[in-house]
Each structure stands twice: as structure tokens, then as C-alpha cells.
Amino acid sequence: MRFSFFLSEAFGSMRRNWVMAMAAVITVFISTAILGAVLVTRDNLNQGATSLKNRVMIEVFIKDAATPAQTQALERKIQGLPDVKSYKYISKEEALRRFRERFGERIVANLPINPLPASYEIQVKNADRVDAVAQQFFSDPSVDNDPGTHNGVKYAKETVRKMLGTISLIEKGMWVTTGIFAAAAVLLISTTVRLSIFARRREVEIMRLVGATNWFIRWPFVLEGFITGLVGAVLAAAFVWVGNWGIANWIQSSQIDFLSLRVFRMWWQGGTWPLGLMPTLAILGALLGAVGSLVALRRYLKT
Amino acid sequence: MIVFEDVIKVYDPDVVGLQDFTCHIGKGEFVFMVGPSGSGKSTLIKLVLKELVPDSGRILVAGRNLGTLRKSRVPLLRRNIGCVFQDFKLLPNKTVHDNVAYALEVVGEPRRSIRRKVPEILSLVGLAEKTDSYPHEISGGEQQRVSVARAFVNHPPLLLADEPTGNIDPETAVGIMQLLVRINRTGTTVVVATHDRDMVNRMRRRVLQLEAGRLVRDERRGSYDQVTEEVGDAL
């Protein structure tokens, strides 16, 4: 089998049926661009969610009366919890310094003693485990709880719950959207390919009559689908990348910096998108085109 | 070359294609198949190409039993059979040269030999001047000659022609028939399904007459119509 022959057949047919080829390219472009936009948005949301989750913190206040031994016991307890990512000891002095920074020298100057307790700031590995970790300190003797309560342990319980709920809802929604658009892309592309092959069914019939094997007939069509898909998908990847880059820049230059968007790299990278935007979409598009051709050809190659 | 034994082919609602059809066509023969439309001529050609499969009976082509021929070998069978059709069946977006070359590409012929064989066969059929024309730019007779060239460029042992002169004027038709005769002289078995009464009568070759899917006449040096001995001699 001669690859150059198949390639020239594929290009020749695209030149002759350029309207159909354009239609296929545009179809692939639109479907993969939408798919890419959904994927990039999902990734950005994930990124935002992760950074929000990482900010969830538990503060454990220590009784002024606690002995150094009790404090150490508390620290060992924190160290022993598997869900703890990191922790930090905030001494009374440090707490006062922060207070002063925040509210000004004047208020602090009037204080006869330092009323602020020392504390541990604990970050958990997984925001879902905040509750469980916090509960460990509810009845600890060295924690500054008022009798009958556990107000010596502070964390944004409600906020965390709502945030986690919202994030998981958004994640589910994005998966559903991704699925719908991926299915739509496959349908659209296979319809386009089927149309263009239907227009050439006589050609296929003649090829079979002169004794062409099925794969000899398939190769040019598959290559054609592959090239069409590749071109459409590369255009789509570029489009999505430029769009994302533009929005990211715009957000950065404005003051809403908590919304920071990720600027994806076009090529291979080690981030959450192991393949990078361009290769992922390009391979996807090319495969869609090639597989679409194969499927569409099936009914003309029976016998 | 072709053996049909008790072949039955029935299309869906009891439309008979071939009925208890038995015949032998030897190597190197030139055979006309005559009979009205729907008498089974095209069915027979499709069966030989294994485009259709018989309901019962045995078909041998070049010693191969088509009943046991695997699907994947069908293209190989077809490469050994040249085909010429009433509607030419040329690829519309390939030049005369490329249409003929395609039959060689299919069998994996080296490029060098393609460059040699295609001009050779095109000058044989008298189309050396039209190499770079597209099918729609040449006449019906010329298109049919391209189709004959494509059918013969591989030098197949068998050539089937289904109404090869059906769409062209009588004078051009003679040229096509002469081409088929020349091909036959090289040892290729030629089977021609036709309605062309004059042609059959003039050439006096073996005639198979079909009617409603049955073989009703098999005559050496026959004519188009069944004639009695005396009248035949008088002609």
C-alpha cells in the first residue's frame, strides 16, 4: 500500500469537494471550540474551588491557664491527626501584633494586659473533613472553651458547607455539559461525514468493482476525515486559548483578582491538563474525523 | 472459466433472477448473452462478480468456488475479472489516465510499470490523445473505450461486458466490439450481454439465450434469434 497515493487521493478529493470539506472543518471547529470552552471553564472553576478550599482554616484557642505541658500535648494531638495539612502556633504576642496591625495602635495602647489568647491555626488537607477535625478539640482541656460550649474552636462551618455544596453542584453541572457537547460534536461530525460520503457512493461502488480492498477504499476517506478534524480542532484550540487568555488578562488588569483565571499553555504541560489545550483538542478532533469517516463508510463497504 | 451448476437466484418477492441455470463457458471463448430485459443477464454477471450470492447451486470462476470464497478474497476475484458496463462507470473526477491507472494502483502495481502500461493500453484503444481529459469532456464511445482499457489493463483472464454498446451509436459500437474481439484473441475469455441484434448476427459466436431466468438456447456460432436450420442456412 502506498501512503503517498492515499494522501494525494485525500487532498485531491478535498480540493474537488472543497465546499463539503469546509463544512466539515467548520463543524469540527464549532463543536470542539464549544467542548474546549466547557473544559477550560471547568478547569478554571476547579482551580478557583481548590484555592477557596485551601483557605478553610480552623482556629483552636488555648486557655491562658494551660501549662506548657498541656500546650505540647495539644500540639502532639494536632500532629497526630491524619487530615491536618499544616498548622501554625500563634503566640499571645503574635496575636496582639496582628490585632494592632488590623485595628490600629490606639486601641491596643489602652489595654492594661494582653487579652488575646494564643492559638493554633490548622489547615486541613480536605475541606470536607473540616468538621471532623474541629470536633477533636471540642472537649480538649487546654482549649479555651466556655463551659458547656466549644467556642474555643472557630471555623467557618456554614460557609464551608455552602461552598462545598455549590462547588460540587457546579462540578456535576460541568460534567453534564461536557457530556452533552461531546455527544453533540460526535453526532454533528458523523452527519457531515455521512453526507459527503453519500455524495460519493458511486465512486465507492466503482472502486469495489475494479477490485479495491475495503481498506484501500477506506484509507483516503479516513485520512481526509483526519485532516479535516485536525484543521478544525487546531483552529478551535487557538480560538479557545486566545479567548481564555484575553479574559484572564482583562480580569488581572481589573480589581477582581480573587477570580484569577489560569492562562493555559498551548503545548504540553504538567498541569491539570496533562496534554495541554492544543494537543488534547487536536487529537480529539482528528480522531473524531477519522472515526466519523470509518463509521459513515461502513454501509457502503458491506459484502 | 465459468461454471454454473443448478444455480437459483430469487429476489425478494418471488422475482426470479436465475432458475436452475447450468452452463459452462470455457477458457478463451467469446460468448454473447441475449434475452429481453429482466431475463437474468445482469444477475448472471453480478453472480460471477460475487456482488450477489445464489440461493442454491454452485458457481466456479477460474476454478474457484465462489460459495466457499471468503469475503476478504472477493477483491482478489474481481481483479481477475475486467468489467465493462453500459453506463461506463468511470470515476468522474479523475482523468482518463488516472481512471485506468486506478485499476493498477488497486493491485499495488509499482509506479514505474503504471507509467508504462497506461499509455500503452490507451493507445491500443485509440485514446492516446485524450489522456488528460475528464470523462465528461469526451464522447460516449470514447468513455466506453476508457472503460475497456481499465478492464483490460491488468490482462485479466475474464472480461465481462454488460450492454457495452447500449449507450453508443452503431458505428462506434462496432469499434468497441472489435476491441473486445482483439482482447479475446489474447486468450481472455469474453462474455458480452447485449441487445444488439445486428452485432450478434454478424459475428456468429456462441450465443446463450436467456428467458425468465432460464437458459433456453445455447448455440455455437449462433444468431440473435432462434432460427430454424433452413432459414439459418438461407441467411
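Digging into the overall build of chain A
When you go through chain A residue by residue, the secondary structure sums to ten helices and four strands. Going from N to C terminus, chain A has its helices and strands arranged as α-α-β-α-β-α-α-β-α-β-α-α-α-α. Of the contacts made within chain A by residues no fewer than 6 positions apart, 77% connect residues no fewer than 24 positions apart. For chain A, the accessible surface area stands at approximately 17,100 Å², while carbon and sulfur atoms represent 64% of it.

Side note on the domain arrangement of chain B
Residues and elements named next belong to chain B. The domain boundaries assigned to chain B delineate domain 1 (2-80 + 156-234) and domain 2 (90-155). For domain 1 versus domain 2, the separation of C-alpha centres amounts to 24 Å. In this complex, domain 1 contributes 14 residues to the contact, which on the side of domain 2 involves 13 residues. For the domain 1 face of the interface with domain 2, the top three residues by lost area are Arg79, Pro156 and Leu179, together amounting to 45%. Counting the contacts that link domain 1 with domain 2 gives zero salt bridges. Our count for the contact surface shared by domain 1 and domain 2 stands at two residue pairs in polar contact (both at pLDDT 80 or more). It is helix H6 (residues 170-185) that provides the largest number of residues to the side of domain 1 that touches domain 2, a total of six residues.

Details of the packing of helix H1 (residues 3-16) of chain A against helix H9 (residues 214-253) of chain A
Any two packed helices are characterised by the angle at which their axes cross and by the distance between the axes. Residue and element names in this part refer to chain A. Between H1 and H9, the shortest axis-to-axis distance is 8 Å and the interhelical angle comes to 60°. Between H1 and H9, the interaxial angle falls into the category oblique. For H1 against H9, the interelement crossing comes out right-handed. Contacts between H1 and H9 involve Phe3, Phe5, Phe6, Leu7, Glu9, Ala10, Phe11, Ser13 and Met14 from the former and Phe216, Trp219, Pro220, Leu223, Glu224, Ile227 and Thr228 from the latter. When its residues are assigned to classes, the contact of H1 with H9 shows twelve nonpolar, two polar and two charged.

Thoughts on the interface of chain A and chain B
Reports often express the size of an interface as the amount of accessible area lost when the parts come together. Taken together, the 18 residues of chain A in the interface contact 23 residues of chain B. Summed over both partners, the interface of chain A with chain B comes to about 2,100 Å²; 55% of that surface belongs to carbon and sulfur atoms. Inspection of the region where chain A meets chain B yields three salt bridges. Viewed at the interface, chain B and chain A are joined by six residue pairs in polar contact (both at pLDDT 80 or more).

Observations concerning the sheet that holds strand S6 (residues 81-85) of chain B
All names here are of chain B. Here we have six strands laid out as an open sheet, ordered S6-S7-S8-S3-S9-S10, and mixed in their pairing. Pairing within the sheet leaves two strands with one partner each, and these edge strands are S6 and strand S10 (214-219). Each strand axis lies, on average, 15° off the axis of its neighbour in the sheet, ignoring direction. Direction of pairing for S6 relative to strand S7 (residues 158-162): parallel, over a ladder of five bridges. When the bridges of S7 are listed, Ile81 appears paired with Leu158. Helix H5 (residues 140-152) rests against S6 and S7 of the sheet, and its axis sits at about 170° to S6.

Topic: the sheet that holds strand S2 (residues 84-90) of chain A
Residue and element names in this part refer to chain A. As summarised here, the arrangement of the four strands in space is S2-S3-S1-S4, forming an open sheet in which the pairing is antiparallel. Strands at the two margins of the open sheet, each flanked by one partner only, are S2 and strand S4 (153-154). Summarising the sheet, strand S1 (residues 57-61) and strand S3 (residues 119-124) pair through five bridges and their orientation is antiparallel. Paired with Val60 across the strands is Tyr120, a residue of S3. In this fold helix H4 (residues 92-103) packs onto S2 and S3, with an angle of close to 85° to the strand it touches most, S2.

A closer look at H5 of chain B
Residues that lie three or four places apart on an α-helix share one face, since the helix turns once every 3.6 residues. Taking 1.5 Å per residue as the helical rise, H5 of chain B with its 13 residues ought to reach 18 Å, and the 18 Å between its terminal C-alpha atoms agrees with that figure. Here H5 of chain B lies mainly inside the structure; eleven of its 13 residues are buried. Where the residues of H5 of chain B are buried, they touch helix H8 (201-209) of chain A together with S6, helix H3 (96-106), helix H4 (111-124), S7 and H6 of chain B.

Observations regarding H4 of chain A
End to end, H4 of chain A covers 16 Å across twelve residues, agreeing with the expected 16 Å (1.5 Å per residue, within 8%). Positioned one or two residues after H4 of chain A, Gly104 of chain A has a phi angle of 100°, which is positive.

What to know about the packing of H9 of chain A against helix H10 (residues 277-297) of chain A
All names here are of chain A. Running from amino to carboxyl end, H9 crosses H10 at an angle of 150°, the nearest separation of the two axes being 6 Å. What the angle tells us is that H9 and H10 run roughly antiparallel. Of the two elements, H9 crosses H10, and the hand of that crossing is right-handed. Across the contact of H9 with H10, the residue classes break down as 18 nonpolar, five polar and one charged.

Some details on the side chain of Asn145 of chain A
Residue and element names in this part refer to chain A. Locating Asn145 in the fold gives a position in the loop between helix H6 (130-135) and S4. Looking at Asn145, its side chain comes within polar contact range of the main-chain oxygen of Phe138, at 2.6 Å. Beyond its immediate sequence surroundings of up to four residues, Asn145 is in contact with Phe137, Phe138, Ser139, His150, Asn151, Gly152 and Val153.

Some points on a nonpolar patch on the surface
A surface patch of nonpolar side chains, about 580 Å² in accessible area, is lined by Trp18, Val19, Met22, Ile26, Ile30 and Ile34 of chain A. Positionally, Ile30 of chain A belongs in helix H2 (residues 18-54).

Regarding the pairing of strand S8 (residues 189-193) of chain B
Residue and element names in this part refer to chain B. Most of S8 sits out of view: five of its five residues are buried. Burial of S8 is two-sided: the residues Thr189, Val191 and Ala193 facing one way and the residues Val190 and Val192 facing the other way are all buried. Note: strand S3 (residues 30-34) against S8, four bridges, orientation parallel. Within the sheet, the bridge partner assigned to Phe30 lies in S8 and is Val190. Judged from the five bridges that link them, S7 and S8 form a sheet pairing that is parallel. Along S8, the bridge assignment pairs Leu160 with Val191. With H6 bridging S7 and the parallel S8, this β-α-β connection has right-handed handedness.

Some remarks on the pattern of salt bridges
All names here are of chain A. Evaluated as defined, the whole model comprises 19 salt bridges over all chains. Of the charged contacts in the structure, one is a salt bridge between Arg97 and Glu94, with a shortest N-O distance of 3.0 Å. Residue Arg97 and its partner Glu94 are located together in helix H4, separated by three residues, close to a single helical turn. You can call Arg97 partly exposed: its relative accessible area is 38%.

Calculation notes
- Residues numbered from 1 in each chain as written.
- Chains lettered and ligands numbered in written order.
- Predicted model: local features only at pLDDT ≥ 70, side-chain atom pairs only at ≥ 80, totals over all residues.
- Heavy atoms only, no water.
- Helix = DSSP H or I, 4+ residues; strand = E, 2+ residues; numbered from the N terminus.
- Contact = heavy atoms within 4.5 Å.
- Areas by Shrake-Rupley, 256 points an atom, 1.4 Å probe, with all protein chains shown as cover.
- Domains from an automatic or database assignment.
- Buried area = accessible area lost by both parts, 1.4 Å probe.
- Salt bridge = Lys/Arg side-chain N within 4 Å of Asp/Glu carboxyl O.
- Polar contact = N/O pair within 3.5 Å; in protein donor to acceptor, adjacent residues only side chain to side chain.
- Axes fitted to C-alpha atoms, helices over the stretch in contact; angles between N-to-C directions.
- Parallel < 35°, antiparallel > 145°, perpendicular 65-115°, else oblique.
- Left-handed = near helix turned anticlockwise from the far one by under 90°.
- Nonpolar A, V, L, I, M, F, W, Y, C, P; charged D, E, K, R; others polar.
- Pairing = 2+ DSSP bridges.
- Expected span 1.5 Å × (residues − 1).
- Buried < 20%, exposed > 50% of the residue type's maximum accessible area, 1.4 Å probe, protein only.
- Patch = residues over 30% accessible without salt bridge, like charges linked within 9 Å, V, L, I, M, F, W, Y side chains within 5 Å.
- Right-handed = clockwise from strand over helix to strand, strands pointing away.

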